[in-house]
Amino acid sequence: MVTFHVRSAPRAAPPLHTAAPPLRPPVRRPPPRCHNTLRSCSGIVPVAPCGAAADNPCMTKHTIHEMLTGQVPVDTSVTVEGWVRTRRDSKGGFSFIQVHDGSCFDTIQVVAPGELENYQSQVLHLTTGCAIRAVGKLVKSQGKGQTCEVQADRIELVGGVDDPDTYPVSAKRHTFEYLREVAHLRPRTNTFGAIARVRHALSMAVHRFFDEHGFVWVHTPIITASDCEGAGEMFRVSTLDAVNPPRTPEGNIDYTQDFFGKEARLTVSGQLNGECYAQALSRIYTFGPTFRAENSNTSRHLAEFWMIEPEIAFADLHDDADLAEDFLKSIFRDLLQRRGDDMKFFADRIDKDCITRLEKFIDASFERMTYTQAIEILEKAAAGGHKFEFPVRWGIDLQSEHERYLTEQHVGRPVVVTDYPKDIKAFYMRLNDDGKTVAAMDVLAPGIGEIIGGAQREERLDVLDQRLDEMGLVKDDYNWYRDLRRYGTTPHAGFGLGFERTIIYATGMANIRDVIPFPRTPGNAEF
RNA sequence: UCCCCUGUAGCUCAAUUGGUAGAGCGGGCGGCUGUUAACCGCCAGGUUGCUGGUUCGAGUCCAGCCGGGGGAGCCA
């Protein structure tokens, strides 16, 4: 069995938050040669003895993560390929280069001796952002602050920085607002590298959870011609001439000549399509981009964001709430286990409570209460002197101040609020026997408020039709959706989770524009 | 969309009541016996977001526009 050495450097994470387990077994018997026939491992430079699995011939180079976590034995010849974060010149006539390659949070220190042939001409001119390849040996560090480092025999400048004076991303602190203007370069910073890895880890955790629980990932369409999704303003998709579109005799735009023969838009939710597959495969989920053309300009809204929407058949609202609880705890547990290095950074520099918040979240059982009970609690609080900007009475939608009071002050744990008044919820939510409320639920969490919104769906055709009528919606527009209620209908439920909001919650990042690689917001679609 | 704040060197920020635009970091050059956001010295770097106005004089005051931030609404 292999032992993994966790670095004892200052940045080493506590046991719960150790780095991800190795992707593949460490080197055991170094074969004499690298049989890489797909492409050159590293051009003309000799590379490390190829210890990679035979089915992975291009992985003969080691990542910084592998070197720092003891998967590469000391005294192994190694090749580091990455980007320079800083260069420090020693009094002794040699230099230290901190290199990152994205494989983990930490950089590795490359020691460049003054005897290198290009030391004066290139090494001493390396600046932040330069791409380099360092060939040498992984050795125990003579200095403090790191256990191992790369003693370089050769350093190649793979890609230089045109004008170091104006390179937009220095090694020093930048504001997030500034980095948004250089979104093509910001992944090279500590924070955005960490965000990218956390985002990936959470994505994989989502798929892992659903896969292990028998859910099928359904790729619901991005483009939709049904105007009945009803969750917000939509972007139009068209190939018509925008300046001189074809017109009907009445003067309206003639969409029958458009690409799809009718008006088409970008989806605002995969739920209605997801229900179709849930009524055949029992447990499904969607995970993909979603588009809302709302003119919302806040730290919690994007025009393009990713949403996760599970849907389960033969299930009621309680099953839905149980699923939400198990799901959230599972992905946060996964995140802490697999990205301890990045999470430690967020705890150190962004939000000191982010790790303990997740640990508490994982350990707590979610409180359950009905909307009516929630209103009673809030009314008591108001009577007891608690000031709410928006007055509380049965029938209102809960404001974020109300949600925060419930989860942060009244319960101190995540809360699932169920059974909201039907007038403030969507047509597809199942009408309760009281005739006044629907089987909707919101999961509220301390520090963020609503993190999940879901519902048991209305499976009875007559009741669904009645709700459509009440809301002034045209039944014919929903015929395929109504068919589900005519052919083998079942009680079913689901919820929606905004992926970026989940990342915000996990990391403590303040602005949603900083947890997606290239944010799209009103007035901004750069990059 | 509404309310409030804000825009000065590559970056982060100063600039008194309207009176000669500065510092730190970054960059260049030179020092310095293993450094940790290294350190020390010197140098370069600006149409103060844009347009107009008030004034002897505007980074500073006024108007409009553009960008950024915070809050609200909408929501995920």
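Residues numbered from 1 in each chain as written. Chains lettered and ligands numbered in written order. Predicted model: local features only at pLDDT ≥ 70, side-chain atom pairs only at ≥ 80, totals over all residues. Heavy atoms only, no water.

**Things to note about the overall build of chain A**
Worth spelling out the cut-off: Helix and strand labels come from DSSP, where a helix needs a run of H or I of at least four residues and a strand needs a run of E of at least two; each type is numbered from the N terminus. In this scheme, a residue with accessible area under 20% of its type's maximum is buried, one over 50% is exposed, and one in between is partly exposed, where area comes from a 1.4 Å probe on protein chains only. Note on contacts: a residue pair qualifies if any of its non-hydrogen atoms lie within 4.5 Å across the two residues. Computed with a 1.4 Å probe, the accessible areas rest on the Shrake-Rupley method; for each residue, only the protein chains presented here act as cover.
Across its full length, chain A carries 12 helices and 16 strands. When burial is assessed residue by residue, chain A has 50% of its 527 residues classed as buried. Nonlocal contacts in chain A, meaning residues at least 24 apart in sequence, comprise 67% of its contacts between residues at least 6 apart. Total accessible area on chain A stands at roughly 25900 Å², and carbon and sulfur atoms take up 51% of it.

**Focus on the protein's contact with RNA strand B**
Stated precisely, the cut-off is as follows: Each residue is tested against the molecule or strand, and it is near if at least one of its non-hydrogen atoms lies within 4 Å. Here a polar contact is recorded for every N or O atom pair within 3.5 Å, except that within protein the pair must consist of a potential hydrogen donor and a potential acceptor, and residues adjacent in sequence are included only if both atoms are side-chain atoms.
Surveying the vicinity of RNA strand B reveals 48 residues, the closest of which are K91, K144, R180, T298 and R501. Backbone atoms, meaning sugar plus phosphate, form 54% of the atoms of RNA strand B positioned within 4 Å of the protein. Interatomic distance of 2.6 Å between a side-chain N/O atom of Q142 and a base oxygen of RNA strand B. A distance of 2.7 Å is found between a phosphate oxygen of RNA strand B and a side-chain nitrogen or oxygen belonging to N295. Breaking the surface near RNA strand B down by element, the ones donating at least two residues are strand 1 (77–89), strand 5 (148–159), helix 2 (176–180) and strand 11 (304–313).

**Looking at unusual backbone geometry**
In this model, F314 sits at a positive phi of 50°, which is unusual for a non-glycine residue. Mapped onto the secondary structure, F314 falls in the loop between strand 11 and helix 5 (317–338). In this model, D419 sits at a positive phi of 60°, which is unusual for a non-glycine residue. For D419, the position within the fold is in strand 13 (residues 415–421).

**Overview of the nonpolar core**
How we decide: For the purposes of this section, nonpolar cores are sets of buried Ala, Val, Leu, Ile, Met, Phe, Trp, Tyr and Cys residues that join through side-chain atoms within 4.5 Å.
Counting 57 residues, the largest nonpolar core has L202, F327, L328, F332, M343, F346 and I452 as the members making the most contacts within it. Top element by residues in this core is helix 5. It accounts for 10 residues. Ignoring any residue separated from it by four or fewer positions in sequence, one finds M343 in contact with V198, L335, L336, C354, I355, L358 and A506.

**Description of the packing of aromatic side chains**
Convention followed: Under the pairing criterion, centres of Phe, Tyr and Trp rings, with the six-membered ring standing for Trp, must be within 6.5 Å; the plane angle then separates stacked pairs below 30 degrees from edge-to-face pairs above 60, leaving the rest tilted. To sit over a ring, a charge needs its Lys NZ or Arg CZ within 6 Å of the ring centre and within 35 degrees of the ring normal.
Under the defined criterion, the tally for this structure stands at 26 aromatic pairs. Considering the side-chain rings of F287 and W306, the 5.9 Å spacing of their centres and the 90° angle between planes classify their relative orientation as edge-to-face. Residue F287 is found in strand 10 (residues 283–291), and its partner W306 is found in strand 11; the two are separated by 19 residues along the sequence. Judged by its relative accessible area of 8%, F287 is buried. An aromatic cluster of at least three residues, connected via ring pairs, comprises F209, F210, F215, W217, Y285, F327 and F495. We note R485 situated over the ring of Y481; from NZ or CZ to the ring centre the distance is 4.0 Å.

**A look at the pairing of strand 4 (residues 131–140)**
Regular strands have side chains that alternate between both faces of the sheet. Threshold: Strands are treated as partners if at least two bridges between them are detected by DSSP.
Within strand 4, eight of the 10 residues are buried, which leaves it mostly tucked inside the rest of the structure. Two strands pair when backbone bridges link them, and strand 1 and strand 4 are joined in this way by seven bridges, in the antiparallel orientation. Residue S77 lies in a different strand from strand 4, and its bridge partner there is K137. Sheet topology note: the strand 4/strand 5 ladder contains 10 bridges and is antiparallel. For K137, the partnering residue across the bridge sits in strand 5 and is Q151.

**Side note on the side chain of T69**
Within the secondary structure, T69 is located in the loop between helix 1 (64–68) and strand 1. Overall, the relative accessible area of 17% leaves T69 in the buried class. A polar contact of 2.6 Å, which involves the side chain of T69, links it to the backbone oxygen of H65.

**Observations concerning the state of the cysteines**
Put simply, the test is: Two cysteine sulfurs form what is called a disulfide whenever their separation falls within 2.5 Å.
This model, assessed by the stated rule, comprises zero disulfides. Here C148 is not disulfide-linked; the sulfur of C104 is the nearest cysteine sulfur, at 10 Å. What makes C148 buried here is its relative accessible area of 6%. C354 forms no disulfide, and the closest cysteine sulfur to it belongs to C104, at a distance of 18 Å.

**With respect to a nonpolar patch on the surface**
Quick note on the threshold: Residues form patches when they are more than 30% accessible in relative terms and have no salt bridge. Like charges link within 9 Å. Nonpolar side chains (Val, Leu, Ile, Met, Phe, Trp, Tyr) link within 5 Å. What counts as a salt bridge is simple: a side-chain nitrogen of Lys or Arg found within 4 Å of a carboxyl oxygen of Asp or Glu.
A cluster of nonpolar side chains, contributed by I222, I223, F259 and F260, occupies part of the molecular surface with about 380 Å² of accessible area. Mapping F260 onto the fold places it in the loop between strand 8 (236–237) and strand 9 (264–266). With a relative accessible area of 39%, F260 lands in the partly exposed category.

**Overview of the sheet that holds strand 8**
Pairing within the open sheet is antiparallel, and its three strands lie in the order 7-9-8. Whereas interior strands pair on both sides, the edge strands pair on one side only; in this sheet they are strand 7 (223–224) and strand 8. Two strands pair when backbone bridges link them, and strand 8 and strand 9 are joined in this way by two bridges, in the antiparallel orientation. Within the sheet, the bridge partner assigned to V237 lies in strand 9 and is A264.

**Some remarks on the confidence of the model for chain A**
Short version of the rule: pLDDT: the predictor's confidence for each residue, scored from 0 to 100.
Confidence in the prediction for chain A averages 85 pLDDT; 88% of positions are at 70 or higher. Averaged pLDDT values for the elements of chain A fall to 86 in helix 9 (residues 400–411) and rise to 98 in strand 6 (residues 216–217). Within the model, pLDDT remains below 50 along residues 1–59, and this stretch shows 100 contacts once partners closer than five positions in the same chain are excluded.

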